[in-house]
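Chain by chain, the residues:
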Amino acid sequence: ATLLLSLLGLFGYDVPGTTVMPFLRTGQGPRAAALGEAYTGLADDATALFWNPAGLGLMPEYHLALSHHQWFSNTKDELLHAAFPGDAGAFGLGMAYTGEPGIERWDEENQMVQTFSTWHGVLSAGYGLRLGSSYALGIAAKGFYQYLYNSEGYGGGMDIGFLARP
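Along each chain, residue indices are assigned from 1 in the same order as the chain's sequence is written. It should be noted that, the model being predicted, local features are given only for residues of pLDDT at least 70 and side-chain atom pairs only at 80 or more, the latter also being counted only at that level, while totals for whole chains, interfaces and linings use all residues. Remark: hydrogens and water are excluded; side-chain values derive from all non-hydrogen atoms of the structure.

1. Quick word on the overall build of the protein chain
Part 1: Along the backbone of the protein chain there are 3 helices and 6 strands.
Part 2: Each helix (α) and strand (β) of the protein chain, taken in turn from the N terminus, gives the series α-α-α-β-β-β-β-β-β.
Part 3: A buried classification covers 36% of the 166 residues belonging to the protein chain.
Part 4: Across the protein chain, contacts joining residues at least 24 apart in sequence account for 46% of those joining residues at least 6 apart.
Part 5: A total accessible area of about 10200 Å² is found for the protein chain, and carbon and sulfur atoms account for 62% of it. The numbering of helices and of strands both runs from the N terminus, where a helix is a DSSP run of H or I of at least 4 residues and a strand a run of E of at least 2. Think of it in three bands: with a 1.4 Å probe and only protein chains considered, a residue is buried below 20% of the maximum accessible area for its type, exposed above 50%, and partly exposed in between. Contacts are assigned to residue pairs with any non-hydrogen atoms lying within 4.5 Å of each other. All accessibility values rest on the Shrake-Rupley procedure with a 1.4 Å probe; residue burial counts only the protein chains present in the view.

Listed below in structure tokens is the structure:
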């Protein structure tokens, strides 16, 4: 625990300007939003790919999740998740995107020079496996892309989840 706290302090955890892809802090799916984003232990639809990939293992049928958020200053979030059940579990695919068009760029003389857009995206694939009638295990791989005014970045991640409903 001491090592973890030391590392968080070293890398400036929760310092302004250090958050990468802040749109990932926004919950995905209307059902999860309605539950105050307390959804990790309940995730049993296509958005389980975001919340807890083990939830894919408890899906009895195909599921498609589509969502659109329109924020202030014309920022848009789009979400598409699909789950395809099989004999022992389900395979999931997902895409999340956010874009902010019309950001103004100003020069040192307080003159607007141009407008530009920025966008971020995540592609996900995962599998959830049912372990008996009350347990599930899941894994998901994610690829990230972020485009800012004059730079871009790529990344990846992996989630491993376990779900128990005794």
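Anyway, onward from the coordinates.
2. What about the confidence of the model for the protein chain?
Part 1: A residue's pLDDT is simply how confident the predictor is in it, with values from 0 to 100. On average, the protein chain scores 85 in pLDDT, and the residues at 70 or more come to 86%.
Part 2: The lowest-confidence element of the protein chain is helix α1 (residues 2–10), averaging 61 in pLDDT; the highest-confidence one is strand β5 (residues 135–148), averaging 93.

3. Regarding the side chain of N52
Part 1: Among the secondary structure elements, N52 is positioned in the loop between α3 (48–51) and β1 (63–70).
Part 2: Given the relative accessible area of 5%, N52 is considered buried.
Part 3: Residue contacts for N52: discarding those within four places in its chain leaves T40, A43, G161, F162 and L163.

4. Notes on the sheet that holds strand β3 (residues 89–106)
Part 1: Strand pairing is defined by DSSP finding a minimum of two bridges between the two strands. With respect to topology, 6 strands assemble into an open sheet ordered β1-β2-β3-β4-β5-β6, the strand pairing being antiparallel. Each edge of the open sheet carries a strand with a single partner, namely β1 and β6 (151–164). Ignoring strand direction, the axes of neighbouring strands in this sheet form an average angle of 10°.
Part 2: Pairing of β1 with strand β2 (residues 76–85) involves 8 bridges; the strand directions are antiparallel. Note on geometry: axes are lines fitted to C-alpha atoms, helical ones only across the stretch in contact, with angles between N-to-C directions running from 0 to 180 degrees.

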